[in-house]
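Residue-level listing of the chains:
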Amino acid sequence: MSTRGSLRLATRGSDLAVRQAASVRDALADRRYDVDLVEVETRGDQIRDELIHRLGKTGAFVRALDEGVLDGDVDGAVHSMKDMPTESPPELQVAAVPERGPPGDVLLTPDGADLDDLPAEATVGTASMRRQAQLLASRDDLEVVPIRGNVDTRIEKLLAPGLQREHERRLEAAEDGDGDGETRDDADGDGTDDGDEYDRSPEEWFDDLDELERKALGREVDEEFDALVLAEAGLQRAGLLHQVPHQRLPSEEFVPAPGQGALAITATAGDAADALHDVLDHPRTRVETTVERTVLAELNGGCIAPIGAYAVLQGAHVHVTVRVLSPDGTERVEGSRDLPVETHAEAAAAFAADLRERGAAELVERAREEADRD
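Conventions adopted
- Residues numbered from 1 in each chain as written.
- Predicted model: local features only at pLDDT ≥ 70, side-chain atom pairs only at ≥ 80, totals over all residues.
- Heavy atoms only, no water.
- Helix = DSSP H or I, 4+ residues; strand = E, 2+ residues; numbered from the N terminus.
- Buried < 20%, exposed > 50% of the residue type's maximum accessible area, 1.4 Å probe, protein only.
- Contact = heavy atoms within 4.5 Å.
- Areas by Shrake-Rupley, 256 points an atom, 1.4 Å probe, with all protein chains shown as cover.
- Salt bridge = Lys/Arg side-chain N within 4 Å of Asp/Glu carboxyl O.
- Core = buried A, V, L, I, M, F, W, Y, C linked by side-chain atoms within 4.5 Å.
- Arc of directions from axis to C-beta.

A. Expanded view of the overall build of the protein chain. Broken down by element type, the protein chain carries eleven helices and 13 strands. The buried share of the protein chain, taken over its 374 residues, is 49%. For the protein chain, restricting intrachain contacts to residue pairs at least 6 apart in sequence, the fraction spanning at least 24 positions comes to 71%. For the protein chain, the accessible surface area stands at approximately 17500 Å², while carbon and sulfur atoms represent 41% of it.

Encoded structure:
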């Protein structure tokens, strides 16, 4: 069967970004387009030890990909929408917004504990100022610390200490049992009968670990985390969601970042943009994310401020919830509104203006000043 045309799409080179771009490629291939993915390193990829809000106001993971589009080296670029600046060159357009994945955040722990079950002053890792502020607003005793890296790397850092301690206990148990892996009534000395806890040798235990756990076991530990907060969509697309115990965080309290869970494919006007739109665009997702990103733009937030905005299309209206916080989570401006779908962008701008007048602008400016100091 002949193809309808060939397309070259730029993507970041991280495993998650390539997986996301591959889903776009596969959807186009189903409609008989031949697609090549071109991996591009961005500034955000080059500076791995910086928090997201310290990488610059906008575009740390975007600009290099879009430059390829504008220079004509590629036909389009695949982005995580939450990474995109609210302003872009006029000749560039969002040609397609595919159907959104899960928009919310999840709490990852080694044992599946929820947020309320974490110990006092627990250490929680995140690279997002928004998540930091939301965590502290929920529990001000938490120690929220920065963590960056690919999704699998972050999970390895979470799992490593517990797995390494477990490995040491099993080695000690095997040694006490003359190396045969036999069980002991109280192997860990906690006064309880451990039963069949050590019914396998350390080698058998290791063989039952999955690849992620084996990598974590060999990782050098420089900081221990009780939990991480990550986007559910990223974990799902990376194929890791069901490999780590997790709890969904309530979207009313942990309002997602504008555009979280959605992809955006940028292009310049022409046949390629038309093809991308016709095959990939999901009208509902475009409306919802337009509302969220309009709020973000009107509040001048970018990646700087702790702003959550989540919109859901409900019949003739778009219900949107917005939460703007101070970086330490102690102050907030928040609200919800039903916007008419026919004028959703204009109504979102008006809603954001109301929030700005109620003090959201001051919180955004304070967050920007804190980021500049850092």
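B. Spatial organisation of the pattern of salt bridges. Scanning all chains against the criterion turns up 22 salt bridges. Note that Asp26 is salt-bridged to Arg25, the shortest N-O span being 3.3 Å. Of the charged contacts, one joins Asp354 and Arg337 as a salt bridge, the two residues approaching to 2.8 Å between their closest N and O atoms. Residue Asp354 is located in helix 11 (residues 344–373), and its partner Arg337 is located in strand 13 (residues 332–340); the two are separated by 17 residues in the primary sequence.

C. Seen up close, the environment of Glu41. In this structure, Glu41 sits in the loop between strand 2 (33–40) and helix 2 (43–46). You can call Glu41 exposed: its relative accessible area is 51%. On a C-alpha basis, the gap between Glu41 and Thr11 in space is 8.5 Å, while along the polypeptide they are 30 residues apart.

D. View of the nonpolar core. Val291, Leu299, Ile307, Val320, Val322 and Val324 are the most contacted members of the largest nonpolar core, which totals 26 residues. Counting only elements with at least two residues in this core, the list comes to helix 10 (283–298), strand 11 (307–314), strand 12 (317–325), strand 13 and helix 11. Here this core gets nine residues from one element, more than from any other, and that element is helix 11. For Ile307, the residues in contact, after removing those within four places along its chain, are Arg130, Pro256, Ala257, Pro258, Leu296, Leu299, Gly301, Arg323, Val324 and Val364. One finds Leu108, Ile155, Ala160 and Leu209 within the second-largest nonpolar core, a separate group that totals 23 residues.

E. Geometry of helix 3 (residues 63–70). Taken together, the buried positions of helix 3 are occupied by Leu65, Asp66, Gly68 and Val69. For helix 3, the angular spread of the buried residues around the axis is 150°, confining them to a single face. Residues of helix 3 that are buried sit in contact with strand 1 (5–12), strand 2, strand 3 (76–80), strand 4 (92–96) and strand 10 (263–268). At the exit of helix 3 stands Gly72, carrying a positive phi of roughly 85°.

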